[in-house]
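Descriptive analysis of the structure
Listed here are the chains, written in short residue letters.
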Amino acid sequence: MEISLARLEVAQASRILYAQGVLDAFGHVSRRCTAESGAFLMSRSMAPGLVEVADVLVHNAEGEIADGGANPFLERFIHAGIYRARSDVQAIVHSHCPSVLPFAMVPEVRLRSICHTCGFLNTLGIPFEISQFSGDSSNLLISNGGLGDALARHLGADAVVLMRGHGFTTVGASLQEAVFRAIYTGLAAQVQMAAMQIGQPRYLSAGEAEACDRTTAGQMSRAWELWLTQLNYSPTAAEKG
Ligand SMILES: [Zn+2]
């Protein structure tokens, strides 16, 4: 993919995630520069709903901005750590979505695959506990490479990792898949919370979750095209490359 188109899609992804309520003034999305690259594209530190193509910059494998001069996100090490650990991951979203947060705070209640659009939550583990690495006085942010590596180890081979008192991070084999999973993690949390208000939910079996995940993996472009139409964003011809 041309780098200009890849930058445009990161800008679009940022705006989609803001429009869908997954990101607010905070949170971020990235993608690898190329499928094999350790470097990745991510905006400079700014509100996701305002990202333009020119704000999307190359970060090296350590998470530093190669283009120079711009202010990077404090938590760019989430992305760098996961890309280093997971060659299958092409894109990453980090969110503080309010509907997911309760499941990152109450150890007794696990976020699970509850409906067919969230089969990817099937193997979700317990939240990442940053105090094991930063003590009990940290700001909870993944603010250096060591914490990024620790988060990546906790994620393992999963699609999503919850972060205690903070939010969650999700990965995908494409930018569209990472965006889809971020949005549907938020929706799944809403559904599970509602279901728990009226009784004991019956969750998907492991086999159902895997089958549902395979099916939705083929539906990414439909959702992406819809979400694009809901943006008030008209990049110039030059920005489109
Ligand atoms: Zn964060």
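Quick caveat: nothing in here was measured; it's all calculated off a predicted structure.

Overview of the overall build of the chain
If you tally the helices and strands in the chain, you get 8 helices and 6 strands. Its helices and strands taken in sequence order, the chain reads α-β-β-β-α-β-α-α-β-β-α-α-α-α from the N to the C terminus. On C-alpha atoms alone, the chain measures out to a radius of gyration of 17 Å, which is about the 18 Å that the 2.2 N^0.38 rule sets for 241 residues. When the backbone C-alpha atoms are referred to their principal axes, the chain occupies close to 55 × 45 × 30 Å. Counting the 241 residues in the chain, one finds 52% classified as buried. Relative to all contacts within the chain whose residues are 6 or more apart in sequence, the contacts with residues 24 or more apart total 66%. Working note: accessible area of the chain is about 10,900 Å², and carbon and sulfur atoms make up 53% of it. Of the side chains in the chain, 17 bear a positive and 22 a negative charge, and the two mean positions are spaced by 3 Å.

So, the coordination of the zinc ion
Within the protein, the atoms that donate to the zinc ion are E75 (OE), H94 (NE2), H96 (NE2) and H166 (NE2), at distances of 2.0 to 2.1 Å. Every donor counted, the 4 donor atoms about the zinc ion form angles of 97 to 141° at the centre, which fits irregular coordination. Here the donor residues of the zinc ion are spaced in sequence according to E-x18-H-x1-H-x69-H. Note that E75 is positioned in the loop between β3 (56–59) and α2 (76–85) and H166 in the loop between β5 (160–163) and β6 (167–172), a separation of 91 residues in sequence. Here H166 falls in the buried class, since its relative accessible area comes to 9%.

Details of the sheet that holds strand β1 (residues 28–32)
One open sheet holds the 6 strands; their spatial order is β3-β2-β1-β4-β6-β5, and the pairing between them is antiparallel. With partners counted over all chains shown, the strands left at the sheet margins are β3 and β5, one partner each. When strand polarity is set aside, the average angle formed by the axes of neighbouring strands in this sheet is 20°. Relative to β6, strand β4 (residues 91–95) runs antiparallel, the two sharing 5 bridges. Counted as the bridge partner of A91 is G172 from β6.

Observations regarding the packing of aromatic side chains
Counted according to the given criterion, the structure contains 5 aromatic pairs. When the centroid spacing of 5.2 Å and the interplanar angle of 40° are considered together, the rings of F40 and Y83 count as tilted. Note that F40 is positioned in strand β2 (residues 40–43) and Y83 in helix α2, a separation of 43 residues in sequence. Each member of the pair, F40 together with Y83, is buried. Pairing F180 with W227 gives two aromatic rings, centres 6.4 Å apart and planes at 45°, and the pair type is tilted. Pair noted here: F180 is in helix α5 (residues 175–198) and W227 is in helix α7 (residues 220–229), with a separation of 47 residues, a long-range link. F180 sits in the buried class, given a relative accessible area of 6%. An aromatic cluster is defined as three or more aromatic residues linked by ring pairs; in this entry it consists of F180, Y184 and W227. The side chain of R15 reaches across the aromatic face of Y233, ending 3.9 Å from its centre.

Some remarks on the packing of helix α1 (residues 3–19) against α7
With their axes 10 Å apart at the nearest point, α1 and α7 run at an angle of 75° to one another. In terms of axis orientation, α1 runs roughly perpendicular to α7. Contacts between α1 and α7 involve E9, Q12, A13 and I16 from the former and W224, W227 and L228 from the latter. Its residues assigned to classes, the contact of α1 with α7 shows 5 nonpolar, 1 polar and 1 charged.

Brief notes about the pattern of salt bridges
Applying the stated criterion to the full structure yields 9 salt bridges. Between R15 and E52 there is a salt bridge, with its nearest N and O atoms 3.4 Å apart. Residue R15 is located in helix α1, and its partner E52 is located in the loop between β2 and β3; the two are separated by 37 residues in the primary sequence. Here R84 makes a salt bridge to D149, at a shortest N to O gap of 2.8 Å. Residue R84 is found in helix α2, and its partner D149 is found in helix α4 (residues 145–155); the two are separated by 65 residues along the sequence. Assessed through its relative accessible area of 39%, R84 is described here as partly exposed. With a relative accessible area of 28%, D149 lands in the partly exposed category. A cluster of three or more residues bridged by salt bridges with shared partners is formed by E177, R181 and D213.

What counts and what doesn't
- Residues numbered from 1 in each chain as written.
- Predicted model: local features only at pLDDT ≥ 70, side-chain atom pairs only at ≥ 80, totals over all residues.
- Heavy atoms only, no water.
- Helix = DSSP H or I, 4+ residues; strand = E, 2+ residues; numbered from the N terminus.
- Rg over C-alpha atoms; globule rule 2.2 N^0.38 Å.
- Buried < 20%, exposed > 50% of the residue type's maximum accessible area, 1.4 Å probe, protein only.
- Contact = heavy atoms within 4.5 Å.
- Areas by Shrake-Rupley, 256 points an atom, 1.4 Å probe, with all protein chains shown as cover.
- Lys, Arg positive; Asp, Glu negative; His and termini not counted.
- Charge placed at Lys NZ, Arg CZ, Asp CG, Glu CD.
- Donors = N, O, S within 2.8 Å, 3.2 Å for Na, K, Ca; no water.
- Tetrahedral: all angles 85-135°; square planar, octahedral: opposite > 155°, others 65-115°.
- Pairing = 2+ DSSP bridges.
- Axes fitted to C-alpha atoms, helices over the stretch in contact; angles between N-to-C directions.
- Phe/Tyr/Trp six-rings, centres within 6.5 Å; stacked < 30°, edge-to-face > 60°.
- Lys NZ or Arg CZ within 6 Å of the ring centre and 35° of its normal.
- Parallel < 35°, antiparallel > 145°, perpendicular 65-115°, else oblique.
- Nonpolar A, V, L, I, M, F, W, Y, C, P; charged D, E, K, R; others polar.
- Salt bridge = Lys/Arg side-chain N within 4 Å of Asp/Glu carboxyl O.

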